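Results of the structural survey
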Amino acid sequence: MRTLVVVMCFLYCNHACAMGREQKPIQTFVIPHSHMDVGWVYTVQESMHAYAANVYTSITEELSKAKHRKFIAVEQEFFRLWWDSVATGTHKKQVRQLIKEGRLEFIIGGQVMHDEAVTDLEDEILQLTEGHGFLYETFGVRPQFSWHVDPFGASATTPVLFALAGFNGHLISRIDYDLKDAMQKYKKLQFVWRGSPSLLKEQQEIFTHTMDQFSYCTPSHLSFSNSSGFYWNGVVLFPDPPKDGIYPNMSLPVTKETIQSYAQDMVENIKQRAAWFRTEHVLWPWGCDKQFYNASVQFKNMDPLMDYINENSKELGVTVQYATLSEYFQAIHQSDLTWDFRGSTDFLPYSTESHQAWTGFYASRNVLKGVARRASSRLHAVETLFARYRVGFPDGPVAKDWALGKLQALRWAVSEVQHHDGITGTESPKVADMYMQHLSQAMMGVEEVQAALFLLPHHLGMSGILGTHDHTKGSPQNLEQHIIVFNPLAWNITTLINMTVTFPMATVFDDDQQAVPAQIQRSAQSNETYDLFIVVNLRGLEHRKYLIKFSEKPCSVGPECSFTYVAKGVQFERRILHNGAKTGRRLLPVLSECYKLMYDQDTNLLHSITHKLEKRRVRMTQDFWEYRANGKTKAGPISDNYIFTANGTAVRAYKAVEMEIIPGKIVSEIRQYFYREADDKKHVYSISTRVPEGFSGRLLCHRLEQSYSIGPLAVNTEVILRTSTTLDNNRTLYTDDNGYQMMRRTYKEFTNNTLARNYYPMVRAAYIEDDISRLVLLSDRAHGVSSQAHGQLEVMLHRRLWNDRPWNLGYNLTLNDSSVVRPTLWMILGSINATTRLYHRGAIELQHRPIVMPIDQPERTWLTEPRGGIPVQPVVLPPNLHLLTLSIPGWNYSSKHSLHLSLVDSDLQSGPDYDRVLLRIMHLYEEGEDPVLAKPVSINLKEVLKGIGEVSALEERSLTGTWDIADLQRWKWKTKDNLEPDNKRWCGCQTTEDFNVIISPKEIRTFFVHFSSNI
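All of these numbers come straight from a predicted model, not from anything done at the bench. (Residues numbered from 1 in each chain as written. Predicted model: local features only at pLDDT ≥ 70, side-chain atom pairs only at ≥ 80, totals over all residues. Heavy atoms only, no water.)

**Observations concerning the overall build of the chain**
Summing up its helical and strand segments, the chain has 21 helices and 47 strands in all. Relative to a compact globule of 1015 residues, whose C-alpha radius of gyration would be 31 Å, the chain shows 30 Å and is just as compact. Each principal axis of the C-alpha atoms in the chain carries an extent, and together these give about 105 × 75 × 75 Å. In the chain, which comprises 1015 residues, the share counted as buried stands at 61%. Partitioning the contacts of the chain with sequence separation of at least 6, the portion at a separation of at least 24 is 76%. With an accessible surface of roughly 38,700 Å², the chain has 51% of that area assigned to carbon and sulfur atoms. In the chain, 106 side chains carry a positive charge and 112 a negative one; their mean positions are 3 Å apart. (Helix = DSSP H or I, 4+ residues; strand = E, 2+ residues; numbered from the N terminus. Rg over C-alpha atoms; globule rule 2.2 N^0.38 Å. Buried < 20%, exposed > 50% of the residue type's maximum accessible area, 1.4 Å probe, protein only. Contact = heavy atoms within 4.5 Å. Areas by Shrake-Rupley, 256 points an atom, 1.4 Å probe, with all protein chains shown as cover. Lys, Arg positive; Asp, Glu negative; His and termini not counted. Charge placed at Lys NZ, Arg CZ, Asp CG, Glu CD.)

So, in structure tokens, the structure goes:
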């Protein structure tokens, strides 16, 4: 009986508690925001003029009028432009006060809301660091939450980077429509994400909120009006704001007549959203694209509406409040629930409906993708040079403010293009031109800095190095060319550099007066030019000078003549494709120390590759195929900048192939030309495969370097390079997430659009494998990749599209790209163990190839002088560690947070800090990936950096440098595998006074380094 009473009491209490929960109003966090694309349809300048500047002006003024109003600011590029060129002194004082009160909150804090599919890890970190540096220096604030509401899919790398930057919460939105439906149904939209399989949970796990089906916009449909809902300032006008302040589609004002209807619609939407989440807290984003350019009319209408709802909260079951994102996440954190956790899986690819797979943008605007990556690489190299110069020559003749200004301009341009409608290729043509212009101009400036850093410490003045490097044809100097070659990596390398020259013969000498192995041959681009390949040996972060002596005739006198090989090509007649024709009867080998490539003279195509050491042959062909797209929406689903929807399977893109083989002693080259029609005079596609010789083990012969020429394409054509092999991969492939980690991609069947939904982004690497061998492709820019059949790996290299969809035409987003693109891939074939040891480093070596700078003839020869200038001592890391960053950021703030806040409050302005060096080192391997290279590595940073200078102090920082790692305490979350969160704080600060550091698999460690010459 006693047991029955206890049970009845327990059931009654539970029922009473449940009733109490039902009666408790839903707490709604209304978060005002404006989604401001740094590009897309309109240029940055057009957007600033039409609305973006007005957003920050009106928000600042309206928030200052009422203490309950709040706003979140996301993209820093627009804010910084406003702050520097529009904001008045009064506005700046108001902003500082709003920040102190927590009513203006910076979210993400990067220059842009970066794309997550086709961006590279190094560029994501750069743009985040640039924004964080500005915010911390200017206001003393450090963003702790993300708002990644618009990137087209979500990478597993992004939450890792945000956690390393000190974030406590991550917010995403665009994930597959069917997955989001399921997550809503089962209240799984919130979870704790551990994006890396190698990092410790404490380092990387981050609470993640997925926006529901309404995403980041306020519901636009009202039950009582044809006007948009809750957008009282209407829709922005380009190019000029209306003089009368009346914009199209302004929502009906909130009046006595409309307030009840507004409240009903808002409350219904809040309750609909509440049903998809586990707590009684609802995030209600108030805003959308290009909103709050007239914050006055926005708040004038929302204030009374929210008051009405709160006054009737008992009847309506809802309370509403203006909030920042941090307030919402704090409420969730305090709920003390146990959350699901998500491992190292991503949300790619992304589809909005069955025939709309957003996998086309992986390959859109291939040229822009390539230029952006080259700009990033050049920035990385010259940042390293400038840091070395500042330490070694603090009082040198290169003006530090001039050099830093040029570097900052390229940082801005590279950061800007990482926007999710930038490097994705989903912008309008004029915006693509804007990105290209900003990148090109900034690269030119940085190349000037590069020249100054190399030459000014010697004996040349500024005018001598920034002028032309060309000589008049026929002058004596024209028979000599001086070059400087710089290795931007902290590894010793032996590699090839390639120069285009106009002489048929050349001999090359290094700065030790030694002849250098070289090879010269006719260029594929012109009969009047030649390709000169030079073998260079460079230590970590070392530059060397080379002298090239040209001649019209073959070298015949002197021992140096034997060092240059003149290679001659063998032409093979054009082969016309015939279905069913016999092949494989006449195979021609091309050999190196690593591989034997067999080419079929019946087709002029690759037939097989044998790995000589492992003695395994893999049948392999490579050629071009095309997907055809619909141009008219009435004919079926279309492809555009974003979407890939093929009109059937791929068709062969050529009918005939020509081939030329150039056997060499340093490198052999196979040139294949593909003709759309058998009798065409001009080819549309080509492959140039360079097979480096082993050169007695000095060259990396394991990589086959392929460059392509594609285009111009026919309209509504999407071109792939298809590599077909005998590898039994079961249509499974592996692609990288932002160059940070590899993701396993199993082939999935769908009711519709299976082909496009099995495409994935490749930023640096992709591979297929079976139990024995692996085929790896490394890329110099992002592409889309897939394995549509067993043993196949196809890479989408170029797209040209037009359709009659009104939305595309209205915004000029049809991707009518008539350019010729020339991407590069490196191919590695071998055992799984062997390729694991090679491809991580190979991907970085492709991205950061040696910088070659032609220079004028010195006033006196350096062949008889010792090496001078920037210290030549190498900086060399172990092969599993990568020097991610070595730079002078220039941001001026105290490493002690409390001291910096006091300086910010005093509003004392100071110039850039030229002495603080930012250092990042990354472990390349996953835990357990290799028995040797995947182990933690212990290094002494004082010893490693002695080639730069004497390290006197070392501070470990968060990823973007704004936190002292010892002070960083991120929120802990209860998960189903960890019911009691460990309150022990992880700290990566194993550094001691002896400067020893242990770097574990996949760790990225960030430091401020001080050198004794600068203390």
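**A word on the side chain of Asp531**
Within the secondary structure layout, Asp531 lies in strand 18 (residues 530–538). According to the relative accessible area criterion, Asp531 is buried, its value standing at 2%. In this structure, Asp531 is in contact with Asn498, Met499, Thr500, Gln519, Ile520, Gln521, Arg522, Ser523, Ala524, Arg671 and Arg690, ignoring residues within four places of it in sequence.

**Some remarks on the nonpolar core**
Phe139, Phe230, Met266, Trp286, Met302 and Leu305 are the most contacted members of the largest nonpolar core, which has 153 residues in total. Here the element with the most residues in this core is helix 15 (residues 429–455); it accounts for 13 residues. Beyond its immediate stretch of four places on either side in the chain, Leu305 contacts Phe230, Trp232, Val254, Ile259, Tyr262, Ala263 and Met266. With 56 residues, the next largest nonpolar core counts Phe624, Ile710, Leu778 and Ile828 among its residues. (Core = buried A, V, L, I, M, F, W, Y, C linked by side-chain atoms within 4.5 Å.)

**What to know about the sheet that holds strand 1 (residues 26–32)**
The strand order across the open sheet built from three strands is 7-1-8, with neighbouring strands paired in parallel fashion. With partners counted over all chains shown, the strands left at the sheet margins are strand 7 (281–286) and strand 8 (318–322), one partner each. Going across the sheet, the axis of each strand differs from the next one's by a mean of 25°, ignoring polarity. Here six bridges tie strand 1 to strand 7, and the two strands are oriented parallel to one another. From the neighbouring strand, Phe29 faces strand 7, where its bridge partner is Leu283. Here helix 12 (residues 325–334) sits on the sheet in contact with strand 1, strand 7 and strand 8, set at roughly 165° to strand 7. (Pairing = 2+ DSSP bridges. Axes fitted to C-alpha atoms, helices over the stretch in contact; angles between N-to-C directions.)

**Quick notes on helix 7 (residues 177–185)**
For helix 7, every residue scored as buried is listed here: Lys180, Met183 and Gln184. Considered in projection along helix 7, the buried side chains sweep an arc of 100° and stay on one side of the axis. For helix 7, the secondary structure elements touched by its buried residues are strand 5 (190–193) and strand 6 (206–210). Taken from the residues just after helix 7, Lys187 is the one with a positive phi, measuring 55°. (Arc of directions from axis to C-beta.)

**With respect to the environment of Gln272**
Mapping Gln272 onto the fold places it in helix 9 (residues 259–274). Residue classification places Gln272 among the partly exposed positions, given a relative accessible area of 34%. Counting along the chain gives 29 residues from Gln272 to Asn301, while the straight-line C-alpha distance between them is 23 Å.

**Digging into the confidence of the model for the chain**
Note that predicted coordinates carrying low pLDDT should not be read in detail. Of all residues in the chain, 92% attain a pLDDT of 70 or more, and the chain-wide mean is 91. Segment residues 860–871 is flagged for pLDDT under 50; beyond a separation of four residues in sequence, or across chains, it makes 32 contacts in the model. (pLDDT = per-residue confidence, 0-100.)

**Section: the pattern of salt bridges**
Per the counting criterion, the structure on display carries 60 salt bridges. For Arg365, the salt bridge goes to Glu427, with nearest N and O atoms at 3.5 Å. One end of the pair, Arg365, is in the loop between strand 12 (356–357) and helix 13 (366–392); the other, Glu427, is in the loop between helix 14 (400–417) and helix 15, with 62 residues separating them in the sequence. Each member of the pair Arg365 and Glu427 is classed as buried. Note that Asp640 and Arg805 form a salt bridge whose closest N and O atoms lie 3.6 Å from each other. Taken together, the residues Asp640 in the loop between strand 25 (616–628) and strand 26 (651–652) and Arg805 in the loop between strand 38 (792–800) and helix 18 (806–811) connect sequence positions 165 residues apart. A relative accessible area of 28% means that Arg805 is categorised as partly exposed. Several salt bridges converge on common partners, so that one network encompasses Asp531, Glu660, Glu669, Arg671 and Arg690. (Salt bridge = Lys/Arg side-chain N within 4 Å of Asp/Glu carboxyl O.)

**What to know about unusual backbone geometry**
The linkage connecting Phe238 with the following residue, Pro239, adopts the cis geometry, with an omega of 5°. Mapped onto the elements of the fold, Pro239 is located in the loop between strand 6 and helix 9. Look at the link from Leu348 to Pro349: it is a cis peptide, with omega at -5°. By the secondary structure assignment, Pro349 is in the loop between strand 10 (341–342) and strand 11 (351–353). Notably, Asn604 is not glycine yet its phi reads approximately 65°, a positive angle. Take Asn604: it is sitting in the loop between strand 23 (595–600) and strand 24 (605–611). Asn604 sits in the buried class, given a relative accessible area of 1%. Unlike most non-glycine residues, Phe995 shows phi in positive territory, near 70°. In this structure, Phe995 sits in the loop between strand 45 (974–975) and strand 46 (996–999).

**Re helix 12**
All buried positions along helix 12 are accounted for by Leu325, Ser326, Tyr328, Phe329, Ala331 and Ile332. With its phi angle positive at about 60°, Asp336 sits one or two positions after the end of helix 12.

**With respect to the state of the cysteines**
A covalent bond between the sulfur atoms of two cysteines is what we call a disulfide. Across all of its chains, the model carries two disulfides by this definition. One disulfide bridge connects Cys217 with Cys288, the sulfur atoms lying 1.9 Å from each other. As the torsion about the S-S bond is roughly 60°, the Cys217-Cys288 disulfide counts as right-handed. Remark: Cys288 occurs in the loop between strand 7 and helix 10 (295–311) and Cys217 occurs in the loop between strand 6 and helix 9; sequence separation between them is 71 residues. The pair Cys217 / Cys288 is uniform in exposure class, with both members buried. (Disulfide = S-S within 2.5 Å.)

**Re the packing of helix 13 against helix 14**
Where helix 13 contacts helix 14, the axes come no closer than 10 Å and their chain directions differ by 150°. When the interaxial angle is binned, helix 13 and helix 14 end up roughly antiparallel. Remark: the crossing between helix 13 and helix 14 carries left-handed chirality. Residue-level inspection shows Leu368, Ala372, Ala375, Ser376, Leu379, Val382, Glu383, Phe386 and Arg390 of helix 13 in contact with helix 14, the latter providing Lys400, Ala403, Leu404, Leu407, Leu410, Arg411, Val414 and Val417. In terms of residue class, the contact of helix 13 with helix 14 is made up of twelve nonpolar, one polar and four charged. (Parallel < 35°, antiparallel > 145°, perpendicular 65-115°, else oblique. Left-handed = near helix turned anticlockwise from the far one by under 90°. Nonpolar A, V, L, I, M, F, W, Y, C, P; charged D, E, K, R; others polar.)

**Here's the deal with the side chain of Asp421**
Inspection of the secondary structure puts Asp421 in the loop between helix 14 and helix 15. Despite being buried, Asp421 has no salt bridge partner; Arg174 is the closest side chain of opposite charge, sitting 7.4 Å away. For Asp421, the side chain forms a polar contact with the side chain of Thr426, separated by 2.5 Å. Ignoring anything within four residues of it in the chain, the contact list for Asp421 reads Asp37, Trp40, Asp150, Phe152, Thr426, Glu427, Tyr435 and Tyr642. (Polar contact = N/O pair within 3.5 Å; in protein donor to acceptor, adjacent residues only side chain to side chain.)

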